[in-house]
Amino acid sequence: MTTQQLTEQIRKKKSFLCIGLDVDLNKIPQHLLQEEDPIFAFNKAIIDATHQLCVAYKPNTAFYEAYGLKGWKSLEKTIQYLNANYPEIFTIADAKRGDIGNTSSMYAKAFFEDLGFDSVTVAPYMGRDSVEPFLAFHDKHTIMLALTSNAGAFDFQTLKVNNKELYKEVLEVSKTYKNSKNLMYVVGATKATFLADIRKIVPDSFLLVPGVGAQGGNLQDVCKYGLNKHVGLLINSSRGIIYASNQTDFAQAAANKANELQQEMEVILDSHS
């Protein structure tokens with residue numbers, strides 16, 4: 001999927017919502033545990049109920065890897081279901097990979113070729129040759145960690161290197177990577193006031209913004225500083241949507257929560273256009 005196609009979906013649905021599919025068997029409705037594949041059954045219901053309200057889904061792979069081969073199979077079935085039934089949806093493998101070049105190439109093949117995701121999150125700490133293998137894939141996107149929403153982000157990301165915060169140096173250097181046009185960036189919603197500086201460095205790039213909802217991020221603040229002429233934002237909400245209910249009405253409850261965010265986004269887009 002190209003960024004132009006993603007932008008078209010945002011305009012059509014009046015939404016830049018990304019729903020995180022972070023499935024914990026301890027939190028899903030108990031009746032689903034009787035299913036042959038509870039994780040996929042949960043995801044399918046959530047997707048069917050919310051796909052008209054969002055433009056992206058983001059499974060965090062840790063929540064699948066934790067269950068071994070069964071969990072990986074659930075992830076595979078989820079992405080296959082999305083690609084077959086809702087191909088207009090942008091898919092994100094939240095895997096936070098990043099290793100030496102030949103290893104990164106294999107990670108890229110796993111998520112882009114075998115599973116068929118549109119994008120994957122990548123940690124940039126090992127530098128250019130750990131990121132460029134992901135960027136080599138045509139019409140696939142590499143979403144690089146820039147400034148994250150966790151408390152530990154201040155351990156390294158905001159430290160000054162040559163009188164410049166490290167996250168800003170990461171953004172600047174990443175623009176020199178081969179096929180950097182395929183880059184997107186992760187910026188936590190709890191760091192909304194940093195977005196003005198980030199937009200000075202990457203004014204046209206898409207930003208994936210987790211942390212709205214359960215982590216305390218504010219949608220209005222993120223949009224105030226982060227929107228660009230192409231919208232350029234994917235706002236992720238996971239727990240706040242998918243665990244809105246743990247009863248048999250869980251899918252409808254998720255849709256209601258997603259609808260609330262979509263309605264807010266529609267107002268923001270109308271005032272922004």
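Above this text you will find the structure in question.
In this text the structure is predicted, and so the values were computed from the model without any measurement.

### A closer look at the overall build of the protein chain
Counting secondary structure elements, the protein chain contains 12 helices and 10 strands. Taken against the 2.2 N^0.38 rule, which gives 19 Å for 273 residues, the C-alpha radius of gyration of the protein chain at 18 Å falls within 12% of a compact globule. With the C-alpha coordinates of the protein chain rotated into their principal frame, the extents come out at 55 × 45 × 35 Å. With 273 residues in all, the protein chain has 55% of them scored as buried. Put simply, the protein chain shows about 12,300 Å² of open surface, and 50% of that area lies on carbon and sulfur atoms. When the 28 positive and 30 negative side-chain charges of the protein chain are each reduced to one mean point, those points stand 4 Å apart.

### As for helix α12 (residues 250-272)
Between its terminal C-alpha atoms α12 stretches 33 Å, which fits the 33 Å expected from 23 residues at 1.5 Å a residue. Those residues of α12 that fall on the buried side of the exposure criterion are F250, A251, A253, A254, A255, A258, L261, Q262, M265, I268 and L269. Its buried side turned inward, α12 meets α1 (3-13), β1 (17-20), α2 (38-50), α10 (219-226), β10 (233-237) and α11 (239-242).

### Let's talk about the packing of α2 against α12
Viewed as axis vectors pointing N to C, α2 and α12 meet at an angle of 45 degrees, and their least axial separation amounts to 8 Å. Considering their axes alone, α2 and α12 lie oblique with respect to each other. Between α2 and α12 the crossing geometry is right-handed. Between α2 and α12, the contacting residues are F42, A45, I46, A49 and T50 on the first element and F250, A251, A254, A255 and A258 on the second. Broken down by class, the residue content of the contact of α2 with α12 amounts to 9 nonpolar, 1 polar and no charged.

### Quick look at the pairing of strand β8 (residues 183-187)
Burial analysis of β8 places 5 of its 5 residues in the buried class, the great majority of the element. Across the two faces of β8 the burial is the same, with L183, Y185 and V187 and M184 and V186 all buried. Bridge analysis of strand β5 (residues 141-147) against β8 gives 5 bridges, and the strand direction is parallel. Note on β8: the bridge partner recorded for I143 is M184. Of the strand pairs in this sheet, β8 and strand β9 (residues 207-209) are connected by 2 bridges, and their pairing is parallel. Counterpart to Y185 in the pairing with β9 is L207. Regarding the hand of the β-α-β motif, the stretch spanning β8, helix α9 (residues 195-201) and β9 is right-handed.

### Looking at unusual backbone geometry
For residues other than glycine, phi is negative in most cases, and the peptide bonds are mostly trans. Here the phi dihedral of K14 falls at roughly 50 degrees; this positive angle occurs in a residue that is not glycine. Of note, K14 is situated in the loop between α1 and β1. Looking at K14, the relative accessible area reads 33%, which means it is partly exposed.

### Considering the packing of helix α5 (residues 101-114) against helix α6 (residues 128-135)
It is the contact of α5 with α6, at a shortest axis distance of 8 Å, that shows an interaxial angle of 30 degrees. By the angle between their directions, the pair α5 and α6 is classed as roughly parallel. Helix-helix and strand crossings are classified by hand; for α5 and α6 the assignment is right-handed. Judged by residue contacts, G101, S104, S105, Y107, A108 and F112 of α5 engage D129, S130, P133 and F134 from α6. Looking at side-chain class alone, the contact of α5 with α6 contains 5 nonpolar, 4 polar and 1 charged residues.

### Considerations on the pattern of salt bridges
Inspection of every chain in the model, using the stated rule, returns 13 salt bridges. The closest approach of N and O atoms between D270 and K14, which form a salt bridge, is 3.7 Å. With D270 in helix α12 and K14 in the loop between α1 and β1, this residue pair connects regions lying 256 residues apart in the sequence. Since its relative accessible area comes to 44%, D270 is described here as partly exposed. D94 is the partner of K58 in a salt bridge, and the nearest nitrogen-oxygen pair spans 2.8 Å. In this pair, K58 sits in strand β2 (residues 56-58) while D94 sits in strand β3 (residues 90-97), placing the two residues 36 residues apart along the sequence.

### Considerations on α10
Turning to α10, its buried residues number three or more, namely L219, V222, C223 and G226. For α10, the angular spread of the buried residues around the axis is 95 degrees, confining them to a single face. Of the surrounding secondary structure, the elements contacted by the buried residues of α10 are α9, β9, β10 and α12. You can read the cap of α10 off the contacts: a side-chain oxygen lies 3.0 Å from the backbone nitrogen of Q220, and it is on N218.

Conventions adopted
Residues numbered from 1 in each chain as written. Predicted model: local features only at pLDDT ≥ 70, side-chain atom pairs only at ≥ 80, totals over all residues. Heavy atoms only, no water. Helix = DSSP H or I, 4+ residues; strand = E, 2+ residues; numbered from the N terminus. Rg over C-alpha atoms; globule rule 2.2 N^0.38 Å. Buried < 20%, exposed > 50% of the residue type's maximum accessible area, 1.4 Å probe, protein only. Areas by Shrake-Rupley, 256 points an atom, 1.4 Å probe, with all protein chains shown as cover. Lys, Arg positive; Asp, Glu negative; His and termini not counted. Charge placed at Lys NZ, Arg CZ, Asp CG, Glu CD. Expected span 1.5 Å × (residues − 1). Contact = heavy atoms within 4.5 Å. Axes fitted to C-alpha atoms, helices over the stretch in contact; angles between N-to-C directions. Parallel < 35°, antiparallel > 145°, perpendicular 65-115°, else oblique. Left-handed = near helix turned anticlockwise from the far one by under 90°. Nonpolar A, V, L, I, M, F, W, Y, C, P; charged D, E, K, R; others polar. Pairing = 2+ DSSP bridges. Right-handed = clockwise from strand over helix to strand, strands pointing away. Salt bridge = Lys/Arg side-chain N within 4 Å of Asp/Glu carboxyl O. Arc of directions from axis to C-beta. Polar contact = N/O pair within 3.5 Å; in protein donor to acceptor, adjacent residues only side chain to side chain.

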